[in-house]
Amino acid sequence: MVRGARQPQQPRSRLAPRLTGTVEKPPRKRRSRTEFALKEIMSSGGAEDDIPQGERKTVTDFCYLLDKSKQLFNGLRDLPQYGQKQWQSYFGRTFDVYTKLWKFQQQHRQVLDNRYGLKRWQIGEIASKIGQLYYHYYLRTSETSYLNEAFSFYSAIRQRSYYSQVNKEDRPELVVKKLRYYARFIVVCLLLNKMDVVKDLVKELSDEIEDYTHRFNTEDQVEWNLVLQEVAAFIEADPVMVLNDDNTIVITSNRLAETGAPLLEQGMIVGQLSLADALIIGNCNNQVKFSELTVDMFRMLQALEREPMNLASQMNKPGMQESADKPTRRENPHKYLLYKPTFSQLYTFLAASFKELPANSVLLIYLSATGVFPTGRSDSEGPYDFGGVLTNSNRDIINGDAIHKRNQSHKEILTVLHCCFPSLHPGDLYPFTRKPLFIIVDSSNSVAYKNFTNLFGQPLVCLLSPTAYPKALQEYLRKSTVILPSY
């Protein structure tokens, strides 16, 4: 059973205080628009004077909470994408309002059905927004337990068929909401390695897209078919499936299990340095990806996480929501996932991570990107003379297709990349070696980082991927570049 949307368990000082009272008093202008809408809504259910005052107030409060929740949710896109503190108070306010809204519609469902005309797809939309909040909270905090919370709400939408009546209405925008819900649900299931659910969702999404394109003459049919192709390719590429002793298929996970942590070697000292922040960058041409998440990024982000705890099952009992026995929050390294960033974007996020890196902590940079080689031989051997890895100047232009459609040779393509598009050179990372740094370069030009200079004497590790592979692995590399880095 889906509970009310719980505000993520953060220290009180880091979140805005809960909204006091039952419902905030709306501003005067907003109240006038709400009252105008209420007259239109309630007049269809009978004479307006016959509606009891209590029911009128219920509808008024619901309309205000709904409007407030939409305002706060839409404001999330205006929050800075980098930095770990500026967004928390706003997220706290948004969770509070959605908690009130979800519980309010549960407690007053009959009145809202009769007087407001509340439809099941509207309930599903509220649940979907709560699922999105939990998912984005996971992206912001890297705490995997919030993925289970997102899964709980997304799963309830499917089990209770909240969107089942959408196809009967002649409104294509509602069907698009349903299709986007499926796409978001698939992403969460992929991150939780729930591959059986993913396959069922893909089949349902395919049927929904076929019905949608058959009923409406839309221009986005190609885009939705591309979504299906991407997720099918992603499933084929990852995750790895193995047979256990009972000959049953087991989905392997790259996350760290509580019982799977390696033992420290004798004489090793614990607590000197810890991994606190990571930038996971994917910018390889023609690599398998889904929803701006390449296979390489997918594997690396899981390698930096612990297995999620199921907070839903532990806190589903009445009275457990605010119990002192709630599970202890476990820290994962904070991560930024950057899909085909520009040089400016990459440097901005890198600077933000560097600035907020705690003491005795390490910053990890994972670069999975197309190699950019020097155009000619250089007499010097400086940090900018061996090329680097590709960054984007325009996401619409650099998608891999614009280059390969020119029918150029491989050498000509690399020359075009070096001359026309900015790249990240080893020297660009030198300023950030003032703090402990861990660099993984997964690229055809990883050797450009081979002689990475440690200028400031801080701990520095640089792992480079191989530049040549056995023939047996070359077919696999067309889907993903990461195998094992060479040290």
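By the naming in an unreviewed UniProt entry, the protein is Suppressor of cancer cell invasion, taken from Nomascus leucogenys.

Draft legend 1. Summary view of the overall build of the protein. Looking only at helices and strands, the protein features 15 helices and ten strands. Out of the 487 residues belonging to the protein, those deemed buried represent 47%. Of the contacts formed within the protein by residues at least 6 apart in sequence, a portion of 74% connects residues at least 24 apart. Of the accessible surface of the protein, which amounts to about 25600 Å², a share of 51% is contributed by carbon and sulfur atoms.

Draft legend 2. View of the sheet that holds strand 9 (residues 437–442). Overall, parallel pairing links the five strands, which are arranged 4-3-5-9-10 in an open sheet. Among the strands making up the open sheet, the edge pair consists of strand 4 (334–339) and strand 10 (460–464). In this sheet, adjacent strand axes meet at a mean angle of 10 degrees when their direction is disregarded. Contacts from helix 12 (residues 343–356) reach strand 3 (274–283), strand 4 and strand 5 (361–369) within the one sheet, and its direction differs from that of strand 3 by about 175 degrees.

Draft legend 3. The sheet that holds strand 8 (residues 423–424), seen in detail. Spatially, three strands are ordered 6-7-8 in an open sheet, and the strand pairing comes out antiparallel. Looking at which strands have only one partner, the edges of the open sheet turn out to be strand 6 (371–372) and strand 8. Bridge count for strand 7 (residues 388–390) against strand 8 is two bridges, and the pairing is antiparallel. What sits directly across from Leu390, in strand 8, is Ser423.

Draft legend 4. Structural view of the environment of Thr141. In this structure, Thr141 sits in helix 5 (residues 120–141). The exposure class of Thr141 is buried, given its relative accessible area of 8%. Counting along the chain gives 192 residues from Thr141 to Pro333, while the straight-line C-alpha distance between them is 8.4 Å.

Draft legend 5. Highlighting the pairing of strand 4. Burial of strand 4 is extensive: five of the six residues sit out of reach of the surface. The sheet contact formed by strand 3 and strand 4 spans six bridges and is parallel. Each residue of the ladder has a partner; that of Leu279, found in strand 4, is Tyr336.

How each quantity is defined
- Residues numbered from 1 in each chain as written.
- Predicted model: local features only at pLDDT ≥ 70, side-chain atom pairs only at ≥ 80, totals over all residues.
- Heavy atoms only, no water.
- Helix = DSSP H or I, 4+ residues; strand = E, 2+ residues; numbered from the N terminus.
- Buried < 20%, exposed > 50% of the residue type's maximum accessible area, 1.4 Å probe, protein only.
- Contact = heavy atoms within 4.5 Å.
- Areas by Shrake-Rupley, 256 points an atom, 1.4 Å probe, with all protein chains shown as cover.
- Pairing = 2+ DSSP bridges.
- Axes fitted to C-alpha atoms, helices over the stretch in contact; angles between N-to-C directions.

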